[in-house]
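Spelled out, the chains give:
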Amino acid sequence: MVSRFYTLLLFIPAALVLYLSVTEVQAAETGLRAGAAQVDITPPTGVSLDGVISKNGPVTGVHDRIYSRALVLDDGNTRVAICVNDLCMVERSYFDRVKKIVSEKTGLPVNRMLMTSTHTHAAPRVPYGRASAQDDAYYESLIQKMATAIITAEKNLAPAQIAWGSFDAGRYAACRRFLAEKGSVSLNPFGVAGEQIKSVAGRSKQIIQPAAPIDPQCSILSVQHADGTPLAVLGNMSIHYCGGYKKGEISADYFGAYAKYLAEKLASTGSHPPFVGMLSNGTSGNVGAVMKQDKKKYPPFAWIDESGKQFAEQTVKVLQELKYQRNVPVEMVEREIELEIRKPDAERLAWARDILANPKQKTVHPWSKIYATEAVELDKYPATEKIKLQAIRIGDLGIAGLPCETFTETGLAIKAGSPFSATFSMELANGSSGYLPTPKQHALGGYETWPARSSYLEIDAETKIRQTALELLRQLHD
């Protein structure tokens, strides 16, 4: 009996070692996996660029190429995709078609994908800038290419680790809406007096202060391969754009310059797929261009390149301080809500038709004819619109997806009310439902509130969207 007992003991260590080895392999398999990819979506010469107000015409050249960039995360239970596109904005139906293609080819559910646009103004606005069949051909190819970016990122899934942080970039941002003394602001395009905001094309004799705060935080989500090699970085900054283009030339703006410089600094080595850097737009609907840090006059595109480089350099400093995790929960929820549309009444339509029928008449505002056209177009809209809101959880990081050009007040309120230790929002996510002023900002007036295809949701839309986004974040946290 004693000899048999000692014989049994001899086998226990080997069995234990075998058990531990299997357990370690299983743990590695159930840890975080990630994949990233980018696909060139640069349009050919002749394709229409951004919108009816900017009027920057068709593509005549390419300053820097534009891309669809995707990041896929999988914690062993849930797989999600984030796709950031160098486009001005994209209508929901186009993003929905992309998601359907991806789901059919990979099995990734359509409600596990967040797709967004950076809002560069030197790229197509899909399909609002449409002018020809050539635009339609580009949009069809664009759908396939955006789908390819996500599909390729999914194929690149590999063991990974993740971390997040931020830096203060407040000196680059400024509110572009200014509160003015009552009675000092000129008539709006509809001939209505009483507004208190000087913004785009506005005039005032007396400025008091910026009408809203900025969000100074540049948020960073960093993903590495299991061996510590950089895999992808997703930044998020609440600044509208940089600008300083040449008319007709394609550019990803500072979003693309940021991705370029990150790729140079964090280039993948060995057998790993290429590193992918991306910068998403936060809540910047009422924020102007990237503020220069000197008084130099830059030639076209130069400040875009320099500001992207500066953001990338500050990001790399943050990356050096981060502590990465292998086992973090990844979850995602979405919800559709229905909102009313601010359609023109009979009086506004009569005003619009009179202006359009008499194009040579003098108007009270340089944009009156544009907004007359917008009133006629807005009258064709349905009474309501369904929009999609999303929230993603990555450990104790929360991400909200909002389909509008969202004001900073909303982004700051979501951060303040979020149950997660770190939170940021992506605007123009899964659609492009116009500017989203708060009810208070609607009352003050200004360009971003004027009814048009660029701003058409009900006045209480911001309240409903903000509350829903917070409910989704709390749902993930709880």
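Just above, that's the structure.
Residues numbered from 1 in each chain as written. Predicted model: local features only at pLDDT ≥ 70, side-chain atom pairs only at ≥ 80, totals over all residues. Heavy atoms only, no water.

Enquirer: Any chance you could explain the overall build of the protein here in plain terms?
Expert: Helix and strand content of the protein: ten helices and 21 strands. Relative to a compact globule of 478 residues, whose C-alpha radius of gyration would be 23 Å, the protein shows 25 Å and is just as compact. C-alpha extents for the protein along the principal axes are approximately 110 × 45 × 45 Å. Counted over contacts in the protein with a minimum sequence separation of 6, partners at least 24 positions apart contribute 81%. For the protein, the accessible area works out to roughly 20100 Å², and carbon and sulfur atoms hold 54% of it. Across the protein, the mean location of the 53 positive side-chain charges is 4 Å away from that of the 50 negative side-chain charges. (Helix = DSSP H or I, 4+ residues; strand = E, 2+ residues; numbered from the N terminus. Rg over C-alpha atoms; globule rule 2.2 N^0.38 Å. Contact = heavy atoms within 4.5 Å. Areas by Shrake-Rupley, 256 points an atom, 1.4 Å probe, with all protein chains shown as cover. Lys, Arg positive; Asp, Glu negative; His and termini not counted. Charge placed at Lys NZ, Arg CZ, Asp CG, Glu CD.)

Enquirer: Sorry, what's going on with the sheet that holds strand β18 (residues 397–401) here?
Expert: Strands belonging to one sheet form pairs held by backbone hydrogen bonds; the direction of such a pair is parallel or antiparallel. Taken in spatial order, the four strands line up as β16-β17-β18-β20 in an open sheet, and their pairing is mixed. Only two strands of the sheet have a single neighbouring strand rather than two, namely β16 (330–340) and β20 (422–426). For this sheet the average axis-to-axis angle between neighbouring strands, irrespective of direction, equals 15°. (Pairing = 2+ DSSP bridges. Axes fitted to C-alpha atoms, helices over the stretch in contact; angles between N-to-C directions.)

Enquirer: How should the sheet that holds strand β10 (residues 197–198) be read in this particular structure?
Expert: The strand order β10-β9-β11 describes an open sheet built from three strands, whose pairing is antiparallel. Edge positions in the sheet fall to β10 and β11 (207–210), since each has one partner strand and no second.

Enquirer: Would you take a moment to explain the state of the cysteines for this structure?
Expert: Each disulfide consists of one covalent bond between the sulfur atoms belonging to two cysteines. All chains considered together, the criterion is met by zero disulfides. The closest cysteine sulfur to the non-disulfide-bonded C242 is located on C218, 14 Å from its own sulfur. (Disulfide = S-S within 2.5 Å.)

Enquirer: What should I look at first to understand the side chain of T410 in this one?
Expert: Looking at the element boundaries, T410 is found in helix α8 (residues 408–417). Those residues in contact with T410 that lie beyond four places of it in its chain are T438, E462 and R466.

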